[in-house]
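# Structural overview for review
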Amino acid sequence: MINSKQRSKLRSLAHHIKPSVYIGKSGLTDGVYASITESLDSQELIKVKFNENKDLKKKLISDSEVILSAFVVGSIGNTVIIYKPNEELNQRKYKI
């Protein structure tokens, strides 16, 4: 679990990151979750942008802790910021 100070730090680090995954009219499919997982494993901190079906943003936020084992750092407009720390302590990109 991350606290509010860590969440704020991660939001500031994510400011200059471009969205890694775009969710279109197909919605949240298994392929989307696989793509998000792959991006989280390689980058730790990603943005997910909703082009259509913006109502699915709440579903992704609730599913992220259960399905992705990740933390939602913030949600701005149609963009969600997700963080999943690397399991190897010495390979983490973000020391929070």
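So, a few notes on the structure that sits alongside this text.

Reading guide: rules and limits
Residues numbered from 1 in each chain as written. Predicted model: local features only at pLDDT ≥ 70, side-chain atom pairs only at ≥ 80, totals over all residues. Heavy atoms only, no water. Salt bridge = Lys/Arg side-chain N within 4 Å of Asp/Glu carboxyl O. Helix = DSSP H or I, 4+ residues; strand = E, 2+ residues; numbered from the N terminus. Buried < 20%, exposed > 50% of the residue type's maximum accessible area, 1.4 Å probe, protein only. Pairing = 2+ DSSP bridges. Axes fitted to C-alpha atoms, helices over the stretch in contact; angles between N-to-C directions. Contact = heavy atoms within 4.5 Å.

### As for the pattern of salt bridges
All chains considered together, the criterion is met by two salt bridges. Of the charged contacts, one joins Lys-59 and Asp-63 as a salt bridge, the two residues approaching to 2.7 Å between their closest N and O atoms. Here the residue Lys-59 and the residue Asp-63 both occupy positions in helix 3 (residues 56–66), the gap between them amounting to four residues, near one helical turn. Residue class for Asp-63 comes out buried when judged on its relative accessible area of 13%.

### Quick look at the sheet that holds strand 4 (residues 79–83)
Taking strand neighbours across the sheet as the criterion, the four strands line up as 1-2-4-3 in an open arrangement whose pairing is mixed. Looking at strand neighbours, the two that pair on one side only are strand 1 (21–23) and strand 3 (71–76), the edges of this open sheet. For this sheet the average axis-to-axis angle between neighbouring strands, irrespective of direction, equals 20°. Pairing of strand 2 (residues 45–50) with strand 4, which is carried by five bridges, proceeds in the antiparallel orientation. Residue pairing for strand 4: Lys-49 is matched across the bridge by Thr-79. Its contacts with the sheet place helix 1 (residues 4–14) against strand 2, strand 3 and strand 4, and it is angled at close to 60° to strand 3.

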